[in-house]
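Observations on chain architecture
Listed below are the residues making up each chain.
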Amino acid sequence: MVRNLPHVSGQSISDKVNHFFKTNDLNSYICQQAVYNAHKYSKLVKKGERLQNRLDYDQLKIERNPDKRPTTKTGFLGLWGKRIDSIEHYNQQIDEGAR
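If you're wondering where the values come from, they're calculated on a predicted model, not measured in any experiment.

**Some details on the overall build of the protein chain**
Broken down by element type, the protein chain carries 3 helices and 2 strands. Going from the N terminus to the C terminus, the protein chain shows its helices and strands as α-α-β-β-α. For the protein chain, the proportion of its 99 residues judged to be buried stands at 14%. Considering only contacts within the protein chain whose residues lie at least 6 apart along the sequence, 24% involve residues at least 24 apart. As displayed, the protein chain has an accessible area near 8,700 Å², and 51% of this comes from carbon and sulfur atoms.

Dropping the structure here:
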């Protein structure tokens, strides 16, 4: 994350960021994306981390007991709804969030 770039007249923020990384970190720089509302971004990151933690937990459960697949309910707070495979559900949620 880059903050407080020095002001250079005649250049946009995107141009300044591109110039900075191309001169300082040429080997690993691919592109940049400006984020104006970081709160929404942080919520998405937290949601992704939470889903990944649940997926990791369920994968550990299945390693310990391969005969029983973990399940979850799709309804409100996991209390109601259809029972589905947790690992497939969390993988699907993570893939949708990555798009």
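Still more to cover.
**What about helix α2 (residues 38-64)?**
For an α-helix, the turn length of 3.6 residues means that residues three or four places apart are oriented alike. Helix length check: α2, at 27 residues, gives a terminal C-alpha distance of 39 Å against a target of 39 Å (1.5 Å per residue), a fit within 8%. Taken together, the buried positions of α2 are Leu51, Leu55, Asp58 and Ile62. On its buried face, α2 is in contact with α3 (86-98).

**Some points on unusual backbone geometry**
Unlike most non-glycine residues, Leu77 shows phi in positive territory, near 55°. Within the secondary structure, Leu77 sits in the loop between β1 (71-73) and β2 (83-85). Under the relative-accessibility criterion, Leu77 is labelled exposed at 67%.

**Side note on the nonpolar core**
By size, the foremost hydrophobic cluster in this structure holds 5 residues: Leu51, Leu55, Ile62, Ile87 and Tyr90. Secondary-structure elements contributing two or more residues to this core are α2 and α3. The greatest single-element share of this core, amounting to 3 residues, is contributed by α2. The contact partners of Ile62, leaving out residues within four places of it in the chain, are Lys68, Arg69, Pro70 and Ile87.

**A few points about α3**
Here α3 is 13 residues long and its end C-alpha atoms lie 18 Å apart, about the 18 Å a rise of 1.5 Å per residue gives. Within the sequence span of α3, burial applies to Ser86, Ile87, His89 and Tyr90. Buried residues of α3 fall within an arc of 165° about the axis and therefore sit on the same side. Where the residues of α3 are buried, they touch α2, β1 and β2.

**Some words on the packing of aromatic side chains**
Applying the stated criterion to the full structure yields 1 aromatic pair. Centre to centre, the rings of Phe76 and Trp80 are 6.3 Å apart; their planes meet at 25°, and the pair counts as stacked. One exposure class covers both Phe76 and Trp80, and it is exposed.

**Things to note about the side chain of Asp85**
Mapped onto the secondary structure, Asp85 falls in strand β2. Only 2.9 Å separates the side chain of Asp85 from the side chain of Arg69, close enough to count as a polar contact. Setting aside residues up to four positions removed in sequence, Asp85 forms contacts with Arg69 and Pro70.

Quick notes on the rules
- Residues numbered from 1 in each chain as written.
- Predicted model: local features only at pLDDT ≥ 70, side-chain atom pairs only at ≥ 80, totals over all residues.
- Heavy atoms only, no water.
- Helix = DSSP H or I, 4+ residues; strand = E, 2+ residues; numbered from the N terminus.
- Buried < 20%, exposed > 50% of the residue type's maximum accessible area, 1.4 Å probe, protein only.
- Contact = heavy atoms within 4.5 Å.
- Areas by Shrake-Rupley, 256 points an atom, 1.4 Å probe, with all protein chains shown as cover.
- Expected span 1.5 Å × (residues − 1).
- Core = buried A, V, L, I, M, F, W, Y, C linked by side-chain atoms within 4.5 Å.
- Arc of directions from axis to C-beta.
- Phe/Tyr/Trp six-rings, centres within 6.5 Å; stacked < 30°, edge-to-face > 60°.
- Polar contact = N/O pair within 3.5 Å; in protein donor to acceptor, adjacent residues only side chain to side chain.

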